[in-house]
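Overview (structure and organization)
The residues making up each chain are set out below.
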Amino acid sequence: MFKSDILSAQPARLYRAWMAEFRTPFFRSYMCNDPDLVDLVLNKRPMDFPKSDRVREGLKPLLRESVFITNGEQWQRQRRIIDPAFEGGKLRETFPAMWAAGEACVERLKLKTDAEPIDIETETSHFAADIIFRTLFSIPIEDETASAVFAAFKRHQRASPVVNLGALLPLPRWFPRFHARETKRTAAHIRALIKRLTTERAARIATGTAPDDLATKIMTTADPETGETFDTAEMVDQVAIFFLAGHETSASALAWALYLLATHPEWQDRVAEEATTALAESHNFSVLSKLKLNRATFREAMRLYPPVPMFVREATGPETFRRRDVKPGSQVVISPWHLHRHERLWDNPDGFDPSRWETENGKSCQRRAYIPFSSGARVCPGAGFAMAEGPLLLAMLLRAFRFEAVEGHEPVPVAHLTVRGKDGIYLRISVR
C-alpha cells in the first residue's frame with residue numbers, strides 16, 4: 001500500500017494524533033504531529049536528525065549527491081555555495097524571467113479555451129519548467145535541450161515510485177537497489193542533458209561571455225571556508241534538484257490552487273479582481289506586494305495539498321518523544337500532509353479558506369504547523385522564489401481566464417515525486 005499510494009495508506013486517526021509509531025520487522029518509524037516535536041527535529045536540533053538514508057534510495061538515480069539528500073559537512077558546504085544565489089535581493093533580478101514565462105503560459109492557454117477540459121497539471125508543469133530554464137540558464141522552454149529535459153522528466157516521474165524497495169528493507173550498501181529500468185534510463189538521460197548545459201555554461205564563464213543568471217551565480221560562487229566551487233559533476237547534481245524542487249513543487253501547488261478556485265467560484269472572483277487591479281497598475285517586482293489575496297490563496301493550496309507531503313529524518317542517538325523511547329536509527333517522519341489538516345491545530349482543517357491567513361489562528365498555526373518548505377536549517381532555499389512565482393502566475397492566469405471544475409473528474413491526490421492528481425486535474429477554461 002505504501003508503494004502504490006502512501007497517502008491513502010495512512011489511517012484517518014493520524015489527523016488527530018500527536019504522535020504515531022509504525023512497526024516493521026526491520027525498523028521503527030515515528031510520525032510527529034506535536035508542534036513541539038516538529039520544532040525539536042527541524043529547528044532546535046536538526047543535526048541530530050539528518051535526512052534519512054531511506055529517502056535517498058528512491059531519489060539516488062537522479063539526484064546522486066544533491067543538496068536535497070546529503071547530510072553533514074557535505075550538505076553544509078553545498079548550502080554555503082547555493083544560498084547566496086537565492087538571497088532576497090537576487091529575487092528581484094529573476095522577476096523579468098518569471099513575467100516572461102507567465103505571458104508565454106497565458107498565450108498557450110488562449111489556444112485551449114472553450115474546448116474540451118484540459119489537464120491543468122500539464123500546463124503548470126510547462127510553466128514551472130519554463131521559469132526554471134529562464135532563470136537558471138537564460139533559455140526558454142522552447143530551447144531544444146530544455147524541451148528534452150522537460151519531456152524526460154515527465155517520463156521519469158511516472159517511472160519513479162515514492163517508496164523504493166531499499167527504503168523498506170535493511171539492504172547492505174553493496175546490494176542492488178532494484179530501481180526500475182525506466183527509472184534508471186530516464187534519470188541517466190536527464191543527467192546527460194543537464195551535463196551538456198552545465199559544460200556549455202562553464203565554457204562561457206571561462207571566456208567571460210556567460211549571462212548573469214542563477215547558473216552563473218552558483219557556478220562562480222566559492223565556498224567562503226575552502227574557496228572551492230562546484231565542479232561540473234557536482235553542478236549536475238544541484239541542477240537536477242533545482243529542476244525537481246523548483247519545477248515539480250511549484251507545478252503541483254499551482255495546479256491544486258487553480259482546482260480549489262474552480263470549485264470555489266466566489267473566491268475565484270475575489271482573487272481575479274485583485275489580480276486585474278494589481279497587474280493594471282504595475283508590471284515590475286513591486287506588483288508582488290499588491291497580490292495579498294493571491295498569495296494567501298497559494299498558501300492555502302499548499303496547506304491542503306503540500307507538494308512534498310512528508311519529510312523523513314533519522315534519530316542518531318536515543319531519544320524520548322512523548323514518554324516513548326526512540327532508539328538510534330529510528331525513522332522520524334514529519335508530515336505536512338497531516339500537520340496542515342490536523343484537527344487539533346486548525347479551524348475547519350479540510351476547508352478551503354484563504355482568509356485564515358489574515359486571522360490570528362492562521363498566523364499561530366503558520367508559525368507552528370505550516371511547513372510546506374520544511375523549516376530550520378534545511379528550509380528550502382528556493383522558498384522565496386516559489387512564493388513569488390506562484391502568486392504571480394495565479395494572478396496572470398485569473399486576470400485572463402475563468403476556470404471551472406469538471407463534473408465526474410474530481411482529482412484524487414497521490415504522492416509521486418510530489419502530490420499530484422492520480423489521473424490528472426481536469427478543468428475547463430474560458431476567457432474572462
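Treat the numbers as computed from the prediction; the structure is a model and nothing was measured. (Residues numbered from 1 in each chain as written. Predicted model: local features only at pLDDT ≥ 70, side-chain atom pairs only at ≥ 80, totals over all residues. Heavy atoms only, no water.)

Things to note about the confidence of the model for the protein
- Confidence in the prediction for the protein averages 90 pLDDT; 92% of positions are at 70 or higher.
- Taken as a whole, residues 162-178 scores under 50 in pLDDT and shows 32 contacts with residues more than four places along the chain or in a different chain. (pLDDT = per-residue confidence, 0-100. Contact = heavy atoms within 4.5 Å.)

A word on the sheet that holds strand 8 (residues 401-405)
- Within the open sheet, the three strands sit side by side as 3-11-8. Their pairing is antiparallel. Unpaired on one side and paired on the other, strand 3 (118-119) and strand 8 mark the two borders of the sheet.
- Here strand 8 runs beside strand 11 (residues 426-431); their pairing, made up of five bridges, is antiparallel. Residue phenylalanine 403 lies in a different strand from strand 11, and its bridge partner there is isoleucine 429. (Pairing = 2+ DSSP bridges. Helix = DSSP H or I, 4+ residues; strand = E, 2+ residues; numbered from the N terminus.)

Details of the environment of glutamate 358
- Relative to the helices and strands, glutamate 358 resides in the loop between helix 13 (336-339) and helix 14 (360-369).
- Between the C-alpha atoms of glutamate 358 and leucine 293, which are 65 residues apart in sequence, the distance is 9.6 Å.

Re the pattern of salt bridges
- This model, assessed by the stated rule, comprises 30 salt bridges.
- The salt bridge involving arginine 28 is made with glutamate 21; its shortest N-O contact spans 3.5 Å.
- The shortest N-O distance in the salt bridge between glutamate 93 and lysine 217 comes to 3.0 Å. Of the two residues, glutamate 93 sits in helix 4 (residues 88-110) while lysine 217 sits in helix 9 (residues 214-220), which places them 124 residues apart along the sequence.
- Overall, lysine 217 belongs to the buried group, its relative accessible area being 13%.
- Linked by salt bridges that have partners in common, Glu21, Arg23, Arg28 and Arg324 make up one network. (Salt bridge = Lys/Arg side-chain N within 4 Å of Asp/Glu carboxyl O. Buried < 20%, exposed > 50% of the residue type's maximum accessible area, 1.4 Å probe, protein only.)

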